[in-house]
Amino acid sequence: MVKQKTAVIIGVSSQDGSYLAELLLEKGYLVVGTIRRSTSMIHENIEHLKGKITLEAADLIDQESLNRVMIKYQPDEVYNIAAQSVPGDAWSHPFYTGEVTALGPVRVFEAVRHFCPKARVYQATSREILGGVKGVERANESTLLFANNPYGIAKAYAHMMVSCYRESYGMYVCGGILFNHESPRRSLHFVTRKISMGVACIKLGIKSPPVNELGEALVDTSGQIHLGDLNARRDWGYAKDYVEAMWLMLQREKPKDYVIGTDTSYSIKDACKAAFDHVGLNWKEHVISNEKLLRPTEITDMRGDYSLAKKELGWEPKVFMKELMETMVDADLDWLKSHSVK
Ligand code: NDP
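From a predicted model like this one, the values you see are computed outputs, not experimental measurements. (Residues numbered from 1 in each chain as written. Predicted model: local features only at pLDDT ≥ 70, side-chain atom pairs only at ≥ 80, totals over all residues. Heavy atoms only, no water.)

Let's talk about the site of the ligand
The full set close to the ligand counts 25 residues, and Ser13, Arg36, Ile81, Ser85 and Tyr151 are the nearest of them. Interatomic distance of 2.7 Å between a side-chain N/O atom of arginine 36 and an oxygen atom of the ligand. For the ligand, a nitrogen atom lies 2.8 Å from a polar atom in the side chain of aspartate 59. In the complex, 88% of the free accessible area of the ligand, which totals 910 Å², lies under the protein chains. (Near = heavy atom within 4 Å. Polar contact = N/O pair within 3.5 Å; in protein donor to acceptor, adjacent residues only side chain to side chain. Areas by Shrake-Rupley, 256 points an atom, 1.4 Å probe, with all protein chains shown as cover.)

Overview of the sheet that holds strand E3 (residues 54-57)
Taken in spatial order, the 7 strands of this open sheet run E3-E2-E1-E4-E5-E7-E12, and their pairing is parallel. At either end of the open sheet lies a strand with only one pairing partner, and these are E3 and strand E12 (258-260). When strand polarity is set aside, the average angle formed by the axes of neighbouring strands in this sheet is 20°. Pairing between strand E2 (residues 30-35) and E3: 4 bridges, direction parallel. Bridging from a neighbouring strand, threonine 34 pairs with glutamate 56 of E3. Each of strand E5 (120-126) and strand E7 (172-178) touches helix H5 (residues 150-169); the most contacted strand, E7, lies at about 150° to it. (Pairing = 2+ DSSP bridges. Helix = DSSP H or I, 4+ residues; strand = E, 2+ residues; numbered from the N terminus. Axes fitted to C-alpha atoms, helices over the stretch in contact; angles between N-to-C directions. Contact = heavy atoms within 4.5 Å.)

Concerning the domain arrangement of the protein chain
A common measure of how large an interface is: the accessible area buried when the components associate. Here the protein chain is partitioned into domain 1 (6-182 + 236-260) and domain 2 (191-233 + 265-301 + 320-338). A C-alpha centroid distance of 27 Å is found between domain 1 and domain 2. Taken together, the contacts link 17 residues of domain 1 with 17 residues of domain 2. Summing the contributions of domain 1 and of domain 2, the shared interface buries around 1400 Å²; its carbon and sulfur component is 58%. For the domain 1 face of the interface with domain 2, the top three residues by lost area are Trp91, Glu182 and Trp236, together amounting to 49%. The interface formed by domain 1 and domain 2 holds 1 salt bridge in total. Where glutamate 128 meets arginine 295, a salt bridge forms, and the shortest distance between an N and an O atom there is 3.1 Å. Here domain 1 is connected to domain 2 by 8 residue pairs in polar contact (both at pLDDT 80 or more). Where the side of domain 1 that touches domain 2 is concerned, the elements lending two or more residues are helix H3 (87-92) and strand E11 (237-238). Among the residues forming the side of domain 1 that touches domain 2, the class breakdown is 7 nonpolar, 5 polar and 5 charged. (Domains from an automatic or database assignment. Buried area = accessible area lost by both parts, 1.4 Å probe. Salt bridge = Lys/Arg side-chain N within 4 Å of Asp/Glu carboxyl O. Nonpolar A, V, L, I, M, F, W, Y, C, P; charged D, E, K, R; others polar.)

Here we look at the pairing of strand E4 (residues 77-80)
Here E4 shows a buried face lined by Glu77 and Tyr79 and a second buried face lined by Val78 and Asn80. Two elements, strand E1 (residues 6-10) and E4, share 4 bridges in a ladder whose sense is parallel. Bridge pairing links valine 8 to valine 78 in E4. With 4 bridges connecting them, E4 and E5 associate as parallel partners. From the neighbouring strand, glutamate 77 faces E5, where its bridge partner is arginine 120. (Buried < 20%, exposed > 50% of the residue type's maximum accessible area, 1.4 Å probe, protein only.)

Some words on the pattern of salt bridges
Opposite charge on two side chains allows them to pair when their charged atoms are near. Enumeration according to the criterion identifies 23 salt bridges in this entry. In this structure, the salt-bridge partner of glutamate 77 is lysine 5, at a minimum N-O distance of 3.6 Å. Placement of glutamate 77 in strand E4 and of lysine 5 in the segment before E1 is noted, with a sequence separation of 72 residues between them. Several salt bridges share partner residues, and in doing so they unite Glu137, Arg138, Asp263, Arg303 and Asp305 into one network.

Examining the side chain of aspartate 241
Among the secondary structure elements, aspartate 241 is positioned in helix H7 (residues 239-249). Sequence-distant contacts of aspartate 241, defined by excluding residues within four places in its chain, comprise Trp315, Pro317, Lys318 and Val319.

Comments concerning the packing of aromatic side chains
Applying the stated rule across the entire model yields 6 aromatic pairs. Judged by centre distance (5.7 Å) and plane angle (90°), the ring pair of tyrosine 306 and tryptophan 315 falls under edge-to-face. Each of the two residues, tyrosine 306 as well as tryptophan 315, counts as buried. Members of the aromatic cluster, each reached through a chain of ring pairs, are Phe109, Tyr165 and Tyr169. Directly above the aromatic system of tyrosine 169 lies the positively charged group of arginine 113, at a separation of 4.1 Å from the ring centroid. A cation sits over an aromatic face here: arginine 185 above tyrosine 19, 4.0 Å from the ring centre. (Phe/Tyr/Trp six-rings, centres within 6.5 Å; stacked < 30°, edge-to-face > 60°. Lys NZ or Arg CZ within 6 Å of the ring centre and 35° of its normal.)

Quick word on the environment of alanine 200
As for its placement among the helices and strands, alanine 200 is situated in helix H6 (residues 191-204). Accessibility expressed as a relative area gives 0% for alanine 200, which makes it buried. Each C-alpha atom, one on alanine 200 and one on valine 211, is 14 Å from the other, the two residues being 11 residues apart in sequence.

Dropping the structure here:
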């Protein structure tokens, strides 16, 4: 009989962690998910998984907590999904971002190296490691790193440690260089979810919308959603597609880094249009660029060239921006209705 595999997901309450847990359960894994110690018992993304996965408390700034999980479960696979993941917050919290997003993964690698060295490790790298690269339309695994914000720089450090641990210790560690990926489980800190939730609030005439990172209503009293640079462009894919790529990376004989994207690029305006069109509203009447929400440095426009992942992992994206925005708007309409938000 084949032995059941054990996977540890560091940061299971995240968008990606929750979809990954579902995928690994479907594949028959014993899934151990870590969450940060908190007085709140509610983790909306994984409420439906409680009882199906094992939860442990661990923090990327607490080496001992990570060691304990590796010692106790001796996992076959470890997915480090956790991070201070909000690029916008990295300017106001550069030290914390470095501590969690740059050094946190190294703590995971150390825990694995000392206590379960045969485990295969996935590190959630980001396309933000290429944030300032100019003159490259399609990024691949050979594109030179040039991060231009504290989040991207922290991710770049962790990503370089991936190959360092691979080469120095012969460990099985992969970095997934993932372009933006979204879903109804995306946090409200991120632009696609601000748009989808904002559209749903406007459509339903909600008087008390959720607040944004400035502590201001996502939709103001004149029915406007406040966003940053509307001309900024992103390669947006669907998180559920992307967690499949994470798993596939760890099934290869040899560890390697892969770019995961959709090879498309759309502006924030395009995403607004798709979301508002879906409910029969004109985005131009409801969206303004608020300079308080502009990033000090914007990342350059780049598409994720996933040719290597297609060739070696058999992975391809299935969902693209328009369908994604429509799905997110529908989910937020349902969420507001089911939570009786007025
Ligand atoms: P989320 O923003 O949804 O979740 C981040 C997770 O990290 C949460 O579970 C959070 O826990 C956890 N976390 C934060 N700080 C700590 C800490 N100190 N110790 C332990 N856990 C911590 O992330 P996504 O699902 O969007 O992204 C997953 C990963 O992929 C992240 O590393 C992100 O940086 C990276 N990434 C994401 C992309 C995207 O477009 N989504 C693109 C490229 C990379 P809590 O719930 O307690 O806050």
